[in-house]
Amino acid sequence: MASSVQILLVGGTADGQTITVELDSNGRPPLTHHHLGPGGLAEAQIYELETAREEAREWHYRWTGPAV
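Attention here is on the structure that accompanies the text. (Residues numbered from 1 in each chain as written. Predicted model: local features only at pLDDT ≥ 70, side-chain atom pairs only at ≥ 80, totals over all residues. Heavy atoms only, no water.)

1. Points about the environment of Ala 42
Note that Ala 42 resides in strand β4 (residues 40-53). Remark: the alpha-carbon pair of Ala 42 and Ala 67, spanning 25 residues in sequence, is separated by 7.7 Å. (Helix = DSSP H or I, 4+ residues; strand = E, 2+ residues; numbered from the N terminus.)

2. Examining the environment of Tyr 61
Within the element layout of this structure, Tyr 61 appears in strand β5 (residues 58-66). The class of Tyr 61 is buried, set by a relative accessible area of 0%. As a C-alpha pair, Tyr 61 and His 35 span 26 residues in sequence and 10 Å in three-dimensional space. (Buried < 20%, exposed > 50% of the residue type's maximum accessible area, 1.4 Å probe, protein only.)

3. Focus on the side chain of His 33
As for its placement among the helices and strands, His 33 is situated in strand β3 (residues 32-37). A polar side-chain atom of His 33 sits 3.4 Å from a polar atom in the side chain of His 35. The contact partners of His 33, leaving out residues within four places of it in the chain, are Leu 9, Ile 19, Gln 45, Ile 46, Tyr 47 and Tyr 61. (Polar contact = N/O pair within 3.5 Å; in protein donor to acceptor, adjacent residues only side chain to side chain. Contact = heavy atoms within 4.5 Å.)

4. Remarks on the sheet that holds β4
Read across the open sheet, the five strands follow the order β2-β1-β5-β4-β3; overall the sheet is mixed. Whereas interior strands pair on both sides, the edge strands pair on one side only; in this sheet they are β2 (18-22) and β3. Each strand of the sheet is rotated relative to its neighbour by a mean of 40 degrees, with strand direction disregarded. Here strand β1 (residues 4-10) runs beside β5; their pairing, made up of three bridges, is parallel. Bridge assignment links Val 10 to a residue of β5, and that residue is Arg 62. (Pairing = 2+ DSSP bridges. Axes fitted to C-alpha atoms, helices over the stretch in contact; angles between N-to-C directions.)

Quick look at the structure:
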């Protein structure tokens, strides 16, 4: 069974929210997250993974802008 982790979203319209993502076979989350807006993919926001503390395996997703 794949393990999962909660990750904080930083910036953008979803600032401060957390999401649950599955970790890959190396114990890392996906490199990006597409946060859907009220209009679905048409209003999606892109977040990229950043390491908060490598030794503690802590991450957050930083907002990079709209998907379109």
